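# Architecture at a glance
What follows is each chain in one-letter form.
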Amino acid sequence: MWNFRIVRQEIDGDIRYSIHESFDLPAGEGGGVGISPDPRLVETWHSWTENPIEDLRWTLQRMLDSLDKPILEFESTPKTVEKPEKVG
């Protein structure tokens, strides 16, 4: 399943938090969660509807939902480059 997650990362001694796309990994790959290697910007690179504003609203809502999920550690979370499929 695809969603967004907050990721904690230490860079040059500073702790930073960012929003990444995340993906449930198949059991054959160890299960758990993988994240996109780079933080995500709010953009409409993929249109879910005919209305780009609604697409942005949908993306922002999923990003807000990530605030209620456990924070992932960048260094210990697998990186993946899968493309998302629209969910709920």
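Shown above is the structure to which this text applies.
Below you will find a few notes about this structure. (Residues numbered from 1 in each chain as written. Predicted model: local features only at pLDDT ≥ 70, side-chain atom pairs only at ≥ 80, totals over all residues. Heavy atoms only, no water.)

The subject of this paragraph is a nonpolar patch on the surface. Taken together, Ile15, Tyr17 and Ile71 make up a surface patch of nonpolar side chains, about 300 Å² in accessible area. Looking at the secondary structure, you find Ile71 in the loop between helix H1 (52-65) and strand S4 (72-73). Taking relative accessible area as the criterion, Ile71 reaches 46% and is therefore assigned partly exposed. (Patch = residues over 30% accessible without salt bridge, like charges linked within 9 Å, V, L, I, M, F, W, Y side chains within 5 Å. Areas by Shrake-Rupley, 256 points an atom, 1.4 Å probe, with all protein chains shown as cover. Salt bridge = Lys/Arg side-chain N within 4 Å of Asp/Glu carboxyl O. Helix = DSSP H or I, 4+ residues; strand = E, 2+ residues; numbered from the N terminus. Buried < 20%, exposed > 50% of the residue type's maximum accessible area, 1.4 Å probe, protein only.)

Strand direction decides the pairing type here: strand S1 (residues 2-11) and strand S2 (residues 14-24), joined by 10 bridges, are antiparallel. Across the sheet, the residue bridging to Trp2 is Phe23, located in S2. Counted between consecutive antiparallel strands, the loop separating S1 from S2 contains 2 residues, among which Asp12 sits at a positive phi close to 50°. (Pairing = 2+ DSSP bridges.)

Here we take up H1. Helical geometry note: an α-helix holds 3.6 residues per turn, so side chains three or four residues apart project in the same direction. Taking 1.5 Å of rise per residue, 14 residues should cover 20 Å, and H1 covers 20 Å from first to last C-alpha, within 8% of that figure. Those residues of H1 not exposed but buried are Asp55, Trp58, Thr59, Arg62 and Met63. Projected down its long axis, H1 carries its buried residues within an arc of 135°, all on one side. For H1, the exposed residues lying more than 90 degrees away from the buried face are Ile53 and Arg57. Close packing links the buried residues of H1 with S1 and S2. (Expected span 1.5 Å × (residues − 1). Arc of directions from axis to C-beta. Contact = heavy atoms within 4.5 Å.)

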